[in-house]
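Spelled out from the first residue to the last, the chains are:
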Amino acid sequence: MSDKEKKLIYVDNAATTKVSKSVIEAMLPYMETYYGNPSSQLYSLGREAKAALEKARQGVAELLGCDANEIIFTSGGTEADNWAIKGTAYATKGRHIITSKIEHHAILHTLDALIKQGFEVTYLDVYDNGIVRPEDLEKAIREDTILITVMYANNEIGTIQPIKALAEIARKHKIPFFTDAVQAVGKLPINVKELGVDMLSLSGHKIHAPKGIGALYIRKGVRLSNLIEGGGQERGKRSGTENVAGVIALEQALREAVADLTDKDKVGKLRDYLADKLIKIPYSRINGDIKNRLDENLNMSFEFIEGEGLIMLLDMNGICASTGSACSTSSLEPSHVLRALGLPHEICHGSLRISLSADNTFEEMDYIAEKVTWAVNRLRMMSPLYERKLKEERSK
Amino acid sequence: MYSEKVMDHFANPHNVGEIENADGVGEVGNAKCGDIMKIYLKIKDDIIVDVKFKTFGCGAAIATSSMATELIKGKSVNEAVKLTNKAVIEALDGLPAPKIHCSVLAEEAVKAALADYYKKIGRDASDLMVCEGCCGSCDHHHE
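Quick caveat, the model's predicted, so the values are computed rather than measured. (Residues numbered from 1 in each chain as written. Chains lettered and ligands numbered in written order. Predicted model: local features only at pLDDT ≥ 70, side-chain atom pairs only at ≥ 80, totals over all residues. Heavy atoms only, no water.)

Observations concerning empty space enclosed by the protein
Residue and element names in this part refer to chain A. Enumeration according to the criterion identifies two cavities of 30 Å³ or more in this entry. Taken as a whole, the largest cavity encloses approximately 50 Å³ of empty space. Forming the walls of the largest cavity are Asn13, Ala14, Asn154, Asn155, Gly158, Gln183, Lys187, Leu294, Glu296, Asn297, Ser355 and Leu356. Its residues assigned to classes, the lining of the largest cavity shows three nonpolar, seven polar and two charged. Among the domains, domain 1 (21-260) and domain 2 (264-395) are the pair contributing at least three residues each to the lining of the largest cavity. Space inside the second largest cavity adds up to approximately 40 Å³. (1 Å grid on protein atoms, 1.4 Å probe; cavity = no way out; pocket = protein on both sides within 12 Å on 5 of 7 lines; lining within 4 Å. Points joined across faces, edges and corners; volume = space filled by probe spheres on them. Nonpolar A, V, L, I, M, F, W, Y, C, P; charged D, E, K, R; others polar. Domains from an automatic or database assignment.)

Some details on the sheet that holds strand S2 (residues 35-44) of chain B
All names here are of chain B. Taken together, three strands build an open sheet; the order of strands is S1-S2-S3 and the sheet is antiparallel. Across the chains shown, the open sheet's two edge strands, defined by having one partner strand only, are strand S1 (24-30) and strand S3 (47-56). In this sheet, neighbouring strand axes are inclined to one another by 15° on average, regardless of whether the strands run parallel or antiparallel. In the packing of helix H2 (residues 59-72) onto the sheet, contacts are made with S2 and S3, and the angle to S3 comes to roughly 175°. (Pairing = 2+ DSSP bridges. Helix = DSSP H or I, 4+ residues; strand = E, 2+ residues; numbered from the N terminus. Axes fitted to C-alpha atoms, helices over the stretch in contact; angles between N-to-C directions. Contact = heavy atoms within 4.5 Å.)

As for the packing of aromatic side chains
What the rule picks out here adds up to five aromatic pairs over all chains. Ring geometry for A:Tyr283 against A:Phe304: centres 5.2 Å apart, planes inclined by 75°, an arrangement best described as edge-to-face. Placement of A:Tyr283 in the loop between helix H10 (265-278) and strand S9 (284-286) and of A:Phe304 in the loop between strand S10 (297-302) and helix H11 (307-316) is noted, with a sequence separation of 21 residues between them. One cation-aromatic arrangement involves A:Arg133 over A:Tyr127; the distance from NZ or CZ to the ring centre is 3.4 Å. If you follow B:Arg123 out to its NZ or CZ, it ends over the ring of B:Tyr118, 4.9 Å from the centre. (Phe/Tyr/Trp six-rings, centres within 6.5 Å; stacked < 30°, edge-to-face > 60°. Lys NZ or Arg CZ within 6 Å of the ring centre and 35° of its normal.)

So, the domain arrangement of chain A
Interfaces are often sized by the accessible area lost when the parts come together. All names here are of chain A. Split by domain assignment, chain A resolves into domain 1 (21-260) and domain 2 (264-395). Computed from C-alpha atoms alone, the centre-to-centre distance between domain 1 and domain 2 is 30 Å. Counting residues at the interface gives 25 residues for domain 1 and 20 residues for domain 2. For the domain 1 face of the interface with domain 2, the top three residues by lost area are Glu156, Ile157 and Lys187, together amounting to 37%. Remark: the boundary between domain 1 and domain 2 carries zero salt bridges. Run the count over domain 1 and domain 2 and you get nine residue pairs in polar contact (both at pLDDT 80 or more). Taken together, the residues of the side of domain 1 that touches domain 2 break down into nine nonpolar, nine polar and seven charged. (Buried area = accessible area lost by both parts, 1.4 Å probe. Salt bridge = Lys/Arg side-chain N within 4 Å of Asp/Glu carboxyl O. Polar contact = N/O pair within 3.5 Å; in protein donor to acceptor, adjacent residues only side chain to side chain.)

Regarding H11(A)
All names here are of chain A. The element H11 is extensively covered by neighbouring structure, given that eight of its 10 residues are classed as buried. Taken as a whole, H11 has its buried residues at Gly307, Glu308, Gly309, Leu310, Ile311, Met312, Leu313 and Leu314. The N-cap residue of H11 is Glu306: its side-chain oxygen and the backbone nitrogen of Glu308 are 2.9 Å apart. Gly318, located one to two residues past H11, shows a positive phi value of around 80°. (Buried < 20%, exposed > 50% of the residue type's maximum accessible area, 1.4 Å probe, protein only.)

Focus on the state of the cysteines
All names here are of chain B. In this structure the tally under the stated criterion is zero disulfides over all chains. Note on Cys58: no disulfide assigned, nearest cysteine sulfur contributed by Cys102 at a separation of 3.8 Å. The buried category is assigned to Cys58, whose relative accessible area is 0%. (Disulfide = S-S within 2.5 Å.)

Here it is, written out as structure tokens:
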């Protein structure tokens, strides 16, 4: 494949996804034809929009195993995460919150904001496999604990947390339990009642719906103060004119993702096929638990190189992937997730995240394996760390 | 994010490699910060006749190493000593703000290699004392 062919291989689905054709088709009428404001109940255009909105809410609720009035639509995962945390913190007496060390920044930075206001946060360890231990949660609970928030599946390493066990502990202590399920929804079978969570956030653009739509499941009876005030939409809980087309898209995308769960083996096979090839690169490792992770996720470290260069070389070959390297951001600190696994800085710096979708093919995996191997070698040839390693080996 | 010049020097870096029995070798940065630059100099009659580098770091770190070595190649050591990170940035048509430290590291790697050369020939290298830990914009303490 030459550069001129401009083939694009997208393996950064944990960042965002391509909107599927059927989702676009489902939402188009709500921009072109039924564009009314759902609050405009005096004419049919508004009533039609409202009816579609509520039908979609019912659909999302059924797919998640809850009642329609327990689903509130938001602008996305970040808003839902902010709301669940701040809304609980401001509605409850007490000032202690428990979370994990590997949460998304939508959680961690929201908690940082609360810490500035006097709240205290305990961060549960995830050990070297990237998974929280329920007994640690039990120990972390205090008299004044008002919320436990642990993500369902991690965005960088794909590890799946024992949410059911964690939620059970929370329930025993009568502490609200929230899970950021942005990466898990549509990839794992989810029934909020069976899981036993009090709140759960999800995002449309991670499951082939557009950006700008998400939802928060709030179990009936959970106390939450509002984050956004205004015209009183979403039963007064979340103001702002409803993103009707986005909601329609979210419901359609979720329906498709849940239907696809049954033949989901495919993406896991793709991932394992690629992992088997990439692990043959010397001084490489897979980050995070091998079994207890999303089928879509592969996160690897290649010693002696830095991730940004790797991503740039892959981009030159038409591959869109991601890294937890510090140099890809302005912070200079490598991924907090990889650091939480206890990996030394230099190994965190050389990480590669591949996140697949059902659209990917084995042919693409072959191409990715070839290009990653080439790029790692190329960067190692420039690396003084690799030079040192080779000299060490020669002198043995 | 990066200028075409940066992309070009990253994709096709000049002067990558090592020099056996180099007259000056300088290494700066550390793995913790995510950048290490090592520069080798071959010097004849105070002229830099050859220069090679090896860099562990991001795209900008590789591009600045490439450009810094290019800027001092064939120059006298007195000229090379005057290389600034600003000159490297300008030659690359700019760097994004978070990557400025890469150019600082490139300047320091050149100085460290020249200091090594000065020491070898018994010349005073006190003006060339460089930070051996991280670059200036990095928060980490020097080790």
